[in-house]
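Examining the three-dimensional arrangement
Residues per chain, in single letters:
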Amino acid sequence: MFRALLFALFFGFLSLTKSSVASNLQTGIQTKVDLLKSLIYDNTKATVTLDSSAFKELIQLSSESPSSPRRVSFSVSVKSTSLTLGARQTVKYDAVLTNDGNGYDDRTGIFTCPVAGTYMFVVDSLSWSGIWLELKVNKMTVGRLNVRYGHKVDLIQMSRTVIVKLKPGDHVKVENYENGGKIYFNLYSGFTGALLY
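Residues numbered from 1 in each chain as written. Predicted model: local features only at pLDDT ≥ 70, side-chain atom pairs only at ≥ 80, totals over all residues. Heavy atoms only, no water.

Turning to the overall build of the protein, a few remarks are in order. Along the protein, the regular secondary structure elements total 4 helices and 12 strands. A burial count over the protein gives 35% of its 197 residues as buried. Within the protein, counting contacts between residues at least 6 apart in sequence, those at least 24 apart form 71% of the total. With an accessible surface of roughly 11800 Å², the protein has 55% of that area assigned to carbon and sulfur atoms. (Helix = DSSP H or I, 4+ residues; strand = E, 2+ residues; numbered from the N terminus. Buried < 20%, exposed > 50% of the residue type's maximum accessible area, 1.4 Å probe, protein only. Contact = heavy atoms within 4.5 Å. Areas by Shrake-Rupley, 256 points an atom, 1.4 Å probe, with all protein chains shown as cover.)

Right, here's the structure in full:
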């Protein structure tokens, strides 16, 4: 019963005749959530019984309102083994420290933007010489990291930070440019992103 009421409220199939409620009805989801709350808390003519799953749905809907800011961030690293990469291979980070908003997919190494906004991304890598990494938004390169062949040290730490505007569905990834790039493991190399505003 409650689920049918909830469905009807959110999809506009319920016509409310109570004038004080009808005058406040607007198309925004926040207003519908407030209306649902008033039906539950101020039910003078009916008794509404909430089972635990319906109550959880109500809490989730009220927390997903447009007035509350969306939190999107992730931080991932190479943990278990060093990577030797082929040309145009996407770096897959195997240790996920955070993934708020669930935008980062550790199976593909790709962050898919869930919310439009301005994002900051940081790529850092402890690598051997001869590596070229690119930070890509969709197919466009927005940042590069490189350790040229012939460096006198075995390993070198490098980092790159970019701030870009994204729209929902944009893909962001770290890609190796040419064959033979090597990235050191044990949490020395990572990829981080966060929605700024």
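Below, the discussion takes up the environment of Y149. Here Y149 is to be found in the loop between β8 (140-147) and β9 (156-166). For Y149 and I131, which are 18 residues apart along the polypeptide, the C-alpha to C-alpha distance reads 8.0 Å.

Turning to its location among the elements, S77 is positioned in strand β1 (residues 73-77). Setting aside chain neighbours within four positions, we find S77 in contact with Y93, D94, A95, L187, S189 and G190.

Below, the discussion takes up a nonpolar patch on the surface. A contiguous nonpolar patch, built from M120, I163, L196 and Y197 and spanning about 430 Å² of accessible area, is present on the exposed surface. Structurally, Y197 is set in the segment after β12 (190-195). Overall, Y197 belongs to the exposed group, its relative accessible area being 66%. (Patch = residues over 30% accessible without salt bridge, like charges linked within 9 Å, V, L, I, M, F, W, Y side chains within 5 Å. Salt bridge = Lys/Arg side-chain N within 4 Å of Asp/Glu carboxyl O.)

Glancing now at the nonpolar core. Formed by 30 residues in total, the largest nonpolar core has its most connected members in Y93, F111, Y119, F121, L133, L166 and F191. Among the elements of the structure, β1, β2 (83-85), β6 (117-127), β7 (131-137), β8, β9, β10 (171-176) and β12 are those that each provide at least two residues to this core. Once you skip the residues sitting within four places of it in the chain, Y119 turns out to touch V72, F111, C113, P114, V162, I163, V164, L166, A194, L195 and L196. (Core = buried A, V, L, I, M, F, W, Y, C linked by side-chain atoms within 4.5 Å.)

Evaluated as defined, the whole model comprises 8 salt bridges. For E175, the salt bridge is made with K136, and the minimal N-O distance between the two is 3.3 Å. One end of the pair, E175, is in strand β10; the other, K136, is in strand β7, and 39 residues separate them in sequence. Residue classification places E175 among the buried residues on the basis of a relative accessible area of 5%. With relative accessibility at 11%, the residue K136 sits in the buried group. With a closest N to O distance of 3.2 Å, E175 and K173 form a salt bridge. Several salt bridges share partner residues, and in doing so they unite R88, E134, K136, R144, K173 and E175 into one network.

Residue R88 is not a glycine yet carries a positive backbone phi of 65°. By relative accessible area, which is 40% here, R88 ends up partly exposed. Unusually for a residue other than glycine, N102 sits at a positive phi of about 55°. Within the secondary structure, N102 sits in the loop between β3 (95-100) and β4 (104-105). Take N102: its relative accessible area is 64%, and that puts it in the exposed class.

Turning our attention to the environment of Q89. You can see Q89 is positioned in the loop between β2 and β3. You can call Q89 partly exposed: its relative accessible area is 35%. Spatially, the C-alpha atoms of Q89 and V174 are 8.6 Å apart, while their sequence positions differ by 85 residues. A polar contact is formed between the side chain of Q89 and the backbone nitrogen of G86, at a distance of 2.7 Å. (Polar contact = N/O pair within 3.5 Å; in protein donor to acceptor, adjacent residues only side chain to side chain.)

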